[in-house]
Amino acid sequence: MKIGIVGLGLIGGCLGLDLRQLGHTVLGVARRPETCSEALRRGIVDRATSELALLELAEVVFICTPIAAIVPTVKALAAVLPASAVITDVGSVKTAIAVPAAQLWPNFVGGHPMSGKSEAGLAAAEAGIFSCRPYVLTPLAETPPAAVALVADLAEQLRSELCCCSPLAHDRAVAWISHLPVMVSAGLIQACLNEPDPTIAHLAQRLASSGFRDTSRVGGGNPELGMMMARYNREPLLRSLYHYQAAIGQLIQQIENEDWQALATQLAAAAAARQDFVD
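From a predicted model like this one, the values you see are computed outputs, not experimental measurements. (Residues numbered from 1 in each chain as written. Predicted model: local features only at pLDDT ≥ 70, side-chain atom pairs only at ≥ 80, totals over all residues. Heavy atoms only, no water.)

Q: How do you make sense of the overall build of the chain when you look at a structure like this?
A: Helix and strand counts for the chain come out as 11 helices and nine strands. Projecting the C-alpha coordinates of the chain onto the three principal axes gives extents of approximately 65 × 40 × 30 Å. When burial is assessed residue by residue, the chain has 38% of its 279 residues classed as buried. Put simply, of all contacts in the chain between residues at least 6 apart along the chain, 66% involve residues at least 24 apart. A total of about 15,000 Å² of accessible surface is found on the chain, and carbon and sulfur atoms cover 57% of it. Computing the positive centroid from 20 side-chain charges and the negative centroid from 25, the chain places the two 5 Å apart. (Helix = DSSP H or I, 4+ residues; strand = E, 2+ residues; numbered from the N terminus. Buried < 20%, exposed > 50% of the residue type's maximum accessible area, 1.4 Å probe, protein only. Contact = heavy atoms within 4.5 Å. Areas by Shrake-Rupley, 256 points an atom, 1.4 Å probe, with all protein chains shown as cover. Lys, Arg positive; Asp, Glu negative; His and termini not counted. Charge placed at Lys NZ, Arg CZ, Asp CG, Glu CD.)

Below, the structure written as C-alpha cells:
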C-alpha cells in the first residue's frame, strides 16, 4: 500500500519506520529539505519532499502536523489526492478537527495513537512505540465504514489496541489522563521555582530524583503541544483542572486541620485507584 505521511516529527517518523517494516511504501512530506534528507537516510520513508504533490497516488495519508495545521493540511490535500484516498490524523484533540476535516474530505477518519516520548522531533523516532498501546479512532456517523476499516486495519498492523469512540468522548477522556497531567506537571515545576531562598532552591535541584523526574516529565515536554492541548480542548481541560483544584484544596484543608485519618484514607483510595488507570 502507498501511504503518505505529512509531518516527519516524532510520531510521523515512528509511523514511517513501522509501516515500511510492514512492507508498505511510505511517502513523506516535511517543511524542511534537511528533514526529508534525514528521513531518507534513516530508512524512515521511501521518498520525501516538501511538496504535497508527492502524495497524488497515496491510498491513505497520515497527518502528523501540530494540531493547528491539521485542518488546513486536509484542505491542501483535497487538491492533490484521488477521491478514493483516506485521510487520517494523529492529533491529541478530536472535536475541533473531526467535523471541519470531514466537511473538506468525506473519507477523513480522526485518529490518535496514545504513544509518545519525552523527546521531540525526527531524531527521536524509533520503531515499535505503537505496539500494545491504545490507538483511538473517532469516526462520525457519516464517515464511510470502508475508510474506518482501512485505518483500523493499519492500526492493528502496528499491533496497537484499537478503540473507537466519538470525538467528544475522546476529548473528555484525554483531558483527564493526558492534558491535565501536562498542566499539573508544568504547575509543579513552576511552583518549585517560587522558593525564595537560592540555597534551598539549589539543594532541591540537587536532591531531585526519580519521584520528581516521573511527576515532572510531561510538564517539561514540548511547550507548543501543551498550549495546543489547552487551546483546542479548552472546556474539557478546564473541567478537569477545576476538579483537580478541588482535590488539592481538600488535601490542604486536611493537612491544615491535622486530620491525619482523613488524609490517610484519601491517599489509600488514590493508591488503590491508580491500578485501574495504569495496569
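On we go from here.
Q: Looking at this model, I keep getting lost on the environment of Val-29. Mind explaining?
A: Looking at the secondary structure, you find Val-29 in strand β2 (residues 25–29). Accessibility expressed as a relative area gives 5% for Val-29, which makes it buried. Non-local contacts of Val-29, meaning those with residues more than four positions away in its chain, are made with Ile-5, Val-6, Gly-7, Leu-8, Thr-49, Ser-50, Glu-51, Leu-52 and Leu-55.

Q: Even after reading the chapter, I still don't get the layout of surface pockets, so can you show me in this structure?
A: Rolling a probe over the atoms, with the probe sized like a water molecule, indicates the empty space that remains. Estimated volume of the second largest pocket: approximately 190 Å³. Only α6 (167–192) and α7 (198–207) provide two or more residues apiece to the lining of the second largest pocket. Here the lining of the second largest pocket takes three residues from α7, the largest share from any one element. For the lining of the second largest pocket, the per-class residue count stands at seven nonpolar, one polar and one charged. (1 Å grid on protein atoms, 1.4 Å probe; cavity = no way out; pocket = protein on both sides within 12 Å on 5 of 7 lines; lining within 4 Å. Points joined across faces, edges and corners; volume = space filled by probe spheres on them. Nonpolar A, V, L, I, M, F, W, Y, C, P; charged D, E, K, R; others polar.)

Q: Even after reading the chapter, I still don't get the sheet that holds strand β8 (residues 134–137), so can you show me in this structure?
A: Hydrogen bonds between backbone atoms are what pair the strands of a sheet, whose relative direction is either parallel or antiparallel. The three strands are arranged β7-β8-β9 in an open sheet whose pairing can be described as mixed. Across the chains shown, the open sheet's two edge strands, defined by having one partner strand only, are β7 (111–113) and β9 (161–164). Adjacent strand axes in the sheet meet at a mean angle of 20°, parallel and antiparallel pairs treated alike. Of the strand pairs in this sheet, β7 and β8 are connected by three bridges, and their pairing is antiparallel. (Pairing = 2+ DSSP bridges. Axes fitted to C-alpha atoms, helices over the stretch in contact; angles between N-to-C directions.)

Q: Would you mind going over the pattern of salt bridges with me for this structure?
A: Pairing is possible between side chains that carry opposite charge, provided their charged atoms lie close to one another. Per the counting criterion, the structure on display carries five salt bridges. Arg-41 is the salt-bridge partner of Glu-38, the closest N and O atoms lying 2.8 Å from each other. Of this pair, Glu-38 and Arg-41 both sit in helix α2 (residues 33–41), three residues apart, which is roughly one turn of the helix. On the basis of relative accessible area, Glu-38 is assigned to the partly exposed category, the value being 27%. The partner of Arg-234 in a salt bridge is Glu-235, with the nearest N and O atoms 2.5 Å apart. (Salt bridge = Lys/Arg side-chain N within 4 Å of Asp/Glu carboxyl O.)

Q: I tried to follow the nonpolar core on my own but got confused; where do I start?
A: The nonpolar side chains of a soluble globular protein tend to be buried, and buried together. Ranked by internal contacts, the top residues of the largest apolar core, which has 35 residues, are Leu-15, Leu-19 and Phe-62. In contact with Leu-19, not counting residues within four places along its chain, are Ile-3, His-24, Val-26, Phe-62, Leu-154 and Leu-158. Of all hydrophobic cores here, the second largest spans 22 residues; its members include Leu-27, Ile-97, Ala-101 and Phe-108. (Core = buried A, V, L, I, M, F, W, Y, C linked by side-chain atoms within 4.5 Å.)

Q: Help me understand a nonpolar patch on the surface in this model?
A: Taken together, Trp-176, Ile-177, Phe-277 and Val-278 make up a surface patch of nonpolar side chains, about 420 Å² in accessible area. Breaking the nonpolar patch down by element, the ones donating at least two residues are α6 and α11 (260–278). Locating Trp-176 in the fold gives a position in helix α6. Overall, Trp-176 belongs to the partly exposed group, its relative accessible area being 36%. (Patch = residues over 30% accessible without salt bridge, like charges linked within 9 Å, V, L, I, M, F, W, Y side chains within 5 Å.)

Q: How do you make sense of the packing of α6 against helix α9 (residues 223–232) when you look at a structure like this?
A: Axes are the key here: two packed helices are described by the angle between their axes and the distance separating the axes. Where α6 meets α9, the closest approach of the two axes is 10 Å, and the angle between their N-to-C directions is 120°. When the axis of α6 is compared with that of α9, the two are oblique. Considering the relative orientation of α6 and α9, their crossing is left-handed. Where α6 abuts α9, its residues Ser-178, His-179, Val-182 and Met-183 lie against Gly-226, Met-229 and Ala-230. Partitioned by chemical class, the residues of the contact of α6 with α9 number four nonpolar, three polar and no charged. (Parallel < 35°, antiparallel > 145°, perpendicular 65-115°, else oblique. Left-handed = near helix turned anticlockwise from the far one by under 90°.)

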